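Examining the three-dimensional arrangement
The residues making up each chain are set out below.
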Amino acid sequence: MKVLVIGGGAREHALCRSLSLDPDVTALHCAPGNAGIAEVAEVHPVDALDGAAVADLAAALGADLVVVGPEAPLVAGVADAVRTRGIPVFGPSAEAARLEGSKAFAKSVMASANVPTARSYVCTTPAEVDAALDAFGAPYVVKDDGLAAGKGVVVTDDLAAAREHALACEQVVIEEFLDGPEVSLFAVTDGETVVPLQPAQDFKRALDGDRGPNTGGMGAYSPLPWADPKLVDEVLRTVLQPTVDELRRRGTPFSGLLYAGLAITSRGVRVIEFNARFGDPETQVVLARLKTPLAGLLHAAATGTLAALPPLRWSDGAAVTVVVAAHNYPGTPRTGDVIEGLAEADAVEGAYVLHAGTKRDEASGAVVGAGGRVLSVTASGTDIADARTRAYEAVSRIRMAGSQHRTDIAARVS
């Protein structure tokens with residue numbers, strides 16, 4: 001199987017790494033890729049938001065499967081353009097990807113499917129915003145209706161800050177605060193059959209102790225030793241399958257990766273949000289534990305044959321990812337800083353470095369930072385404590401001026 005992965009972050013590096021280890025993958029391509037992905041796949045320049053360009057590249061490469069990583073190309077209809085060319089693609093249509101592209105649309109789908117979620121108001125005027133904030137009270141949960149790269153949500157006790165964020169959005173969803181720990185659960189689906197993966201937990205805040213601004217994610221771990229063993233089956237029954245069934249009923253079947261962000265509240269499981277693609281950095285730890293070859297799983301979803309797939313196989317151990325971010329992330333991150341120690345980090349037993357925002361400097365040949373989240377240092381171990389020790393040992397070997405990372409990823413559960 002020849003596979004083309006679209007994207008250039010750590011999620012795509014994790015996908016490419018797993019695909020490169022799959023004996024059924026005879027050729028692996030990625031566009032546009034990054035400095036790390038280039039070591040396991042042939043990279044190609046492409047505008048990931050240009051469906052025609054992506055489809056042309058897939059056709060020229062003779063790709064048997066295209067995997068669309070990020071949300072923006074999915075919402076822009078890139079999967080549709082590839083599908084129209086008769087090439088199997090892992091990723092939902094633009095219409096189905098509205099599940100992530102519009103919080104209001106997702107709330108509508110959940111209401112129709114009786115999926116448990118937070119009570120909410122969709123607001124477009126200052127008067128509606130004020131009424132909704134007043135109705136729920138603090139802590140205020142304010143979500144930009146559209147895509148915001150993981151930074152469109154504000155949770156605050158400060159009414160002025162909540163109102164400021166809401167008024168900066170064209171359309172905003174204001175909802176009740178959900179108590180309890182958060183869980184990320186991915187499911188692969190072909191529009192009918194739904195195959196859940198193993199749950200993970202990520203860390204959104206920039207600083208230790210869950211302080212600081214929201215980010216795209218500063219680390220993750222899997223499995224969740226504190227979670228109810230029946231959690232995955234419950235979420236499949238009450239959230240994932242009903243959502244997939246409702247989208248199919250609406251004539252916009254969802255094929256690809258359905259990501260449920262969940263809160264385990266005192267009143268039961270509630271959906272915080274849906275995403276239409278693998279999450280970052282949870283993908284890094286989930287794929288580190290997946291023993292089933294990845295290409296066959298994604299191809300089955302793309303071709304409507306998931307029901308015939310054998311049950312997924314998982315490692316008994318654990319995985320931890322620690323994100324190394326650039327100076328001043330998530331504000332205006334500094335780029336161009338040289339990254340050293342990558343080989344030393346990779347030499348740690350059970351650990352490897354996945355590139356997120358990196359590129360190779362043409363003049364010096366050095367790998368430099370090219371984004372906010374620069375690296376995802378991932379490690380597997382016999383348990384979370386073992387994986388965590390290995391991940392942080394690898395992080396300690398990386399040198400990059402001004403870099404930052406959280407020191408408490410998975411600390412409470414190890």
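Residues numbered from 1 in each chain as written. Predicted model: local features only at pLDDT ≥ 70, side-chain atom pairs only at ≥ 80, totals over all residues. Heavy atoms only, no water.

**Here's the deal with the overall build of the chain**
In terms of regular secondary structure, the chain is built from 13 helices and 24 strands. Here the C-alpha atoms of the chain give a radius of gyration of 20 Å, agreeing with the 22 Å that 2.2 N^0.38 yields for 414 residues. Seen through its principal axes, the chain has C-alpha atoms that stretch 55 × 45 × 40 Å. Across the 414 residues of the chain, 56% fall into the buried class. Taking contacts inside the chain between residues at least 6 apart in sequence as the whole, the part at least 24 apart equals 69%. A total of about 16200 Å² of accessible surface is found on the chain, and carbon and sulfur atoms cover 50% of it. For the chain, the separation between the mean place of its 36 positive charges and that of its 51 negative charges on side chains is 3 Å. (Helix = DSSP H or I, 4+ residues; strand = E, 2+ residues; numbered from the N terminus. Rg over C-alpha atoms; globule rule 2.2 N^0.38 Å. Buried < 20%, exposed > 50% of the residue type's maximum accessible area, 1.4 Å probe, protein only. Contact = heavy atoms within 4.5 Å. Areas by Shrake-Rupley, 256 points an atom, 1.4 Å probe, with all protein chains shown as cover. Lys, Arg positive; Asp, Glu negative; His and termini not counted. Charge placed at Lys NZ, Arg CZ, Asp CG, Glu CD.)

**Examining the pattern of salt bridges**
Opposite charge on two side chains lets them pair, provided their charged atoms get close. Per the stated rule, a full pass over the model turns up 23 salt bridges. For R249, the salt bridge goes to E246, with nearest N and O atoms at 2.7 Å. Taken together, the residues R249 and E246, both in helix 9 (residues 231-249) and three residues apart, mark about one turn of the helix. Take R249: its relative accessible area is 61%, and that puts it in the exposed class. The partner of E344 in a salt bridge is R399, and the shortest N-O contact between them spans 3.8 Å. Note that E344 is positioned in helix 12 (residues 342-346) and R399 in strand 24 (residues 399-400), a separation of 55 residues in sequence. Taking the relative accessible area as the measure of exposure, R399 reaches 41% and is therefore partly exposed. (Salt bridge = Lys/Arg side-chain N within 4 Å of Asp/Glu carboxyl O.)

**Considering the nonpolar core**
Core analysis: the largest hydrophobic core is formed by 78 residues, its most contacted members being L4, V66, L99, F274 and V320. Tallying contributions element by element places helix 9 first for this core, with seven residues. V320 has contacts with A220, Y221, V285, V377, T378, A379, I384, A387, R388, A391, I409 and A410, leaving out every residue within four places of it along the chain. In terms of nonpolar packing, the next biggest core, distinct from the first, is built from 42 residues, A41, F186, L287 and L290 among them. (Core = buried A, V, L, I, M, F, W, Y, C linked by side-chain atoms within 4.5 Å.)

**Points about the side chain of R270**
Considering the arrangement of structural elements, one finds R270 in strand 17 (residues 268-275). For R270, which is buried and forms no salt bridge, the nearest opposite charge comes from E176, at a distance of 5.9 Å. At a separation of 3.4 Å, a polar atom in the side chain of R270 contacts the main-chain carbonyl oxygen of R267. In this structure, R270 is in contact with P116, T117, L178, G261, L262, A263 and T265, ignoring residues within four places of it in sequence. (Polar contact = N/O pair within 3.5 Å; in protein donor to acceptor, adjacent residues only side chain to side chain.)

**With respect to the sheet that holds strand 16 (residues 256-265)**
What the four strands build is an open sheet, ordered 11-10-16-17; its pairing is antiparallel. The two strands at the open ends of the sheet, each matched to only one other strand, are strand 11 (194-196) and strand 17. Strand-to-strand twist of the sheet, defined as the mean angle between neighbouring strand axes without regard to direction, takes the value 35°. (Pairing = 2+ DSSP bridges. Axes fitted to C-alpha atoms, helices over the stretch in contact; angles between N-to-C directions.)

**Details of unusual backbone geometry**
Cis rather than trans, the peptide bond between D280 and P281 has omega equal to 25°. The topology assignment puts P281 in the loop between strand 17 and helix 10 (282-289). Residues Y329 and P330 are joined by a peptide bond in cis, for which omega reads 10°. Summarising the element assignment, P330 is placed in the loop between strand 18 (318-325) and strand 19 (339-340). Phi at D210 takes a positive value of approximately 55°, unusual for a residue other than glycine. Note that D210 resides in the loop between strand 13 (205-207) and strand 14 (211-214).

**Some thoughts on the pairing of strand 16**
Extensive coverage of strand 16 is indicated by the burial of nine of its ten residues. Where strand 10 (residues 182-189) lies against strand 16, eight bridges are found, and the strand directions are antiparallel. Residue L185 lies in a different strand from strand 16, and its bridge partner there is A260. The pairing of strand 16 with strand 17 spans seven bridges and is antiparallel. Pairing of A263 across the sheet is with R270, part of strand 17. Once strand 16 ends, the chain turns through two residues before running back antiparallel as strand 17.

**A few points about the sheet that holds strand 7 (residues 140-144)**
Overall, antiparallel pairing links the four strands, which are arranged 6-9-7-8 in an open sheet. Two strands in the sheet have a free side with no partner beyond their single neighbour: strand 6 (120-123) and strand 8 (153-156). Each strand axis lies, on average, 20° off the axis of its neighbour in the sheet, ignoring direction. Looking at chain direction, strand 6 and strand 9 (residues 172-175) are connected through four bridges and run antiparallel. Its bridge partner lying in strand 9, S120 is registered against E175. Each of strand 6, strand 7 and strand 9 touches helix 7 (residues 126-136); the most contacted strand, strand 6, lies at about 165° to it. Against the sheet, helix 8 (residues 159-167) engages strand 7, strand 8 and strand 9, with an angle of about 15° to strand 7.

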